[in-house]
Amino acid sequence: MIAVAGIREPGLDARSKTSGVYRYSLRGTPVTSTSVPDRPKKKPKDTTGTTTASAPPAAQSCVGTPCDVGFTLVQPPTGTTPAMTLLVTLDPWKVEITTSGLGPPSAWLRPGSNEAAAGATRYGVFLSESDDNPQGWLLCVLDAAGACTSSKIPRRGATYNRLTILAITDSNALPSPTEGVNRLVVTHGFDPLLSPVRNSKKTSKG
């Protein structure tokens, strides 16, 4: 028996640690794995006899500098002209989002799905840790102007790989993967993963 497990969003270079094709024996006899381990990348040869310095990491889209996020995974509803700008600051941690032309949240629900029957009243911005084992939290809800800002770190010490906007109800919980697909508005992946840093300055309550 051959089975597949896991997904990886297009555009991410990092390989999944658990996704892949699995072969099972129906006779109860162990089978030999055919997985091929990743080969370490070879460093470029240096004919001068000195060690070649590694190139500095490339700037990551939307981190430190605002960027436009494309609406490519879901066909925008008829009559809408969605646009989004995202800015992520790691130290101190802050997420700033501005959108326009989204239309009503219910318009983004997949027609004929259970979620379409349940409806949607707002746009929630979620941050998740992994595509293989989805775990995420609500950062903020878009206001009437289509914007929101958050300095909340959902789980301290964790790293995050994806920011997603979903058309949601009044619940603040991250929908299941199946439900999330039917509520998806737009998503943006991060590679390398985001490592938020808490603001060291004290802030007033309220």
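Every value quoted in this text rests on a predicted model; they were computed, and no experiment measured them.

A. Quick look at the pattern of salt bridges. Following the criterion strictly, the structure yields three salt bridges and no others. Where R155 meets E129, a salt bridge forms, and the shortest distance between an N and an O atom there is 2.8 Å. Taken together, the residues span a long stretch of sequence, with R155 in the loop between β8 (147-150) and β9 (160-168) and E129 in the loop between β6 (122-128) and β7 (136-141) at a distance of 26 residues. Taking the relative accessible area as the measure of exposure, R155 reaches 39% and is therefore partly exposed. Among the ionic pairs, R183 bridges to E179, the shortest N-O distance being 3.0 Å. In this pair, R183 and E179 are both assigned in helix α2 (residues 177-183), four residues apart and thus about one turn of the helix distant. Accessibility expressed as a relative area gives 2% for R183, which makes it buried.

B. View of the sheet that holds strand β4 (residues 83-90). Across the sheet, which stays open at both edges, the four strands sit in the order β3-β4-β5-β8 with antiparallel pairing between neighbours. Of all strands in the sheet, those with a lone pairing partner are β3 (67-68) and β8, marking the two edges. Pairing of strand β5 (residues 93-100) with β8 involves four bridges; the strand directions are antiparallel. The residue of β8 that forms the bridge with I97 is C148.

C. Structural context of the state of the cysteines. Evaluated as defined, the whole model comprises two disulfides. Covalently, C62 is tied to C67 through a disulfide, its sulfur atoms 1.6 Å apart. Between C62 and C67 the disulfide shows an S-S torsion of about 50°. By sign, it is right-handed. Note on C67: relative accessible area 12%, which makes it buried. What pairs with C140 in a disulfide is C148, and their sulfur atoms sit 2.2 Å apart. Regarding the disulfides, the protein chain carries the connectivity 1-2, 3-4 under sequence-order numbering of its bonded cysteines.

Basis of the calculations
Residues numbered from 1 in each chain as written. Predicted model: local features only at pLDDT ≥ 70, side-chain atom pairs only at ≥ 80, totals over all residues. Heavy atoms only, no water. Salt bridge = Lys/Arg side-chain N within 4 Å of Asp/Glu carboxyl O. Helix = DSSP H or I, 4+ residues; strand = E, 2+ residues; numbered from the N terminus. Buried < 20%, exposed > 50% of the residue type's maximum accessible area, 1.4 Å probe, protein only. Pairing = 2+ DSSP bridges. Disulfide = S-S within 2.5 Å.

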